[in-house]
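# Understanding the architecture of this molecule
Residues per chain are reported as follows:
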Amino acid sequence: MHYNPAKYAFIGLKAGADPTQYDSYSNQKLGIALNYSPWMRQLSPDINLFNVGAYYKIDDKSTVAATMTYFSMGEIEFTDLEGHSLGLYHPNEFAVDATYSRKFSEKISGAVAGRFIYSDLTQGIAVSGRDTKAGVSGAADIAMYYVDPIRLGSKDGTFSFGVNISNIGSKMSYYADKSDKEFIPTTLRIGPALSINIDDFNNLTFGVELTKFLVPTTPISEMHNDSIITYKYGYDESAYRIYGKNDNVSTIMGMIQSFYDAPGESIVSDTLVHIGKFREELSEINLAAGIEYTYNNLLFLRAGYFYEAPRKGDRQFFSLGAGIKYNIFSIDVSYLISTTNQNPLGNTLRFSLCLNFGGKEQF
């Protein structure tokens, strides 16, 4: 659901198997998955991320699925500007989404998904004299998936390619008067994968993914006295020298503008440094690459690397993972190894338990 809901239409397709052949699929009619991750353990012992999902295969072409994600931020003591305690609170967020995925042919599928997002970060307290509320938004995803059998020398395999635009939705505000609205993280993901059957039991899959947030880049404004500030809700062009574009635009305009609105300048030690607009646009694309080894569709070993430019978040890490599939059960575990200092996601563990039930003959 998170990366590409269009793949639901090919649920049960074995690694490297020909998607046009009926016996290439496991007999999976219904599936349920539970995911858990103790989040940011370097910062707090009580932040947790939970996800539960299910899919149902209507027929050979159509699949429906739904998930719910819940993020608990633990117990936090809120304080005022002077540091006086305002009490203990439990901020949390959740999202509920559903999708319909369908094959358009034996090799191509598409999907649309809808999502409801609820983000209760302030627990309704007043911030700087302003009443707050939980942020609420609705969003949609559009996805496509393509898989085709290939032959590399004497080896069979598959080539696949996916595209997903997720979180196309309304802005979110945490103020009771619905002002100062923020973009939700509309994201474009594209990437190919190559799966090679070494022999009847062993398979290797290589994948690459490019990710870009389809939201405007915050412009940089330079005042006449040479001090530098940034603006999120517009600016006065008569008073400031502007780098970038106004980010107070609609959701759709923000998606379009995200491809050409980079300021081309950066702030380093309170100094404005020229880096070039095209170079900054390229730095907004995150790169991920991974490899998976599969033995007899039962044992899975995985490794990957994720890179984000230092000026755009600086998330850089390796990940290791393993999975075991037996009968209707499958268990997956992953571990994140940060390559940058003081990354709160370092040493993150993720656990997944899946149950896949067969067709009518097994009920």
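Okay, so let's go over this structure. Computed from a predicted structure; not experimentally measured.

### Overview of the overall build of the protein
From N to C terminus, the protein includes two helices and 21 strands. Against the compact-globule benchmark of 21 Å for 363 residues, the protein has a radius of gyration of 23 Å, which places it among compact chains. The burial tally for the protein puts 40% of its 363 residues in the buried class. Within the protein, contacts between residues separated by at least 24 positions form 52% of all contacts whose residues are at least 6 apart in sequence. With the model as given, the accessible surface of the protein reaches about 19,600 Å², and the carbon-plus-sulfur share is 61%. One finds the centroid of the 31 positive side-chain charges in the protein at a distance of 8 Å from the centroid of its 39 negative side-chain charges.

### Quick look at the side chain of threonine 99
Looking at where threonine 99 falls in the secondary structure, it is placed in strand E6 (residues 92-103). Among the polar contacts listed, one links the side chain of threonine 99 to the backbone oxygen of valine 112, at a separation of 2.8 Å. For threonine 99, the residues in contact, after removing those within four places along its chain, are Met1, Pro5, Tyr8, Thr63, Val64, Ala65, Ala111, Val112 and Ala113.

### Quick word on unusual backbone geometry
A positive phi angle, close to 50°, is found at aspartate 180, a residue other than glycine. Tracing the sequence through the fold places aspartate 180 in the loop between strand E9 (155-169) and strand E10 (187-197). Phi angles above zero are rare outside glycine, and asparagine 347 is one such case at about 65°. A relative accessible area of 42% means that asparagine 347 is categorised as partly exposed.

Cut-offs and rules
Residues numbered from 1 in each chain as written. Predicted model: local features only at pLDDT ≥ 70, side-chain atom pairs only at ≥ 80, totals over all residues. Heavy atoms only, no water. Helix = DSSP H or I, 4+ residues; strand = E, 2+ residues; numbered from the N terminus. Rg over C-alpha atoms; globule rule 2.2 N^0.38 Å. Buried < 20%, exposed > 50% of the residue type's maximum accessible area, 1.4 Å probe, protein only. Contact = heavy atoms within 4.5 Å. Areas by Shrake-Rupley, 256 points an atom, 1.4 Å probe, with all protein chains shown as cover. Lys, Arg positive; Asp, Glu negative; His and termini not counted. Charge placed at Lys NZ, Arg CZ, Asp CG, Glu CD. Polar contact = N/O pair within 3.5 Å; in protein donor to acceptor, adjacent residues only side chain to side chain.

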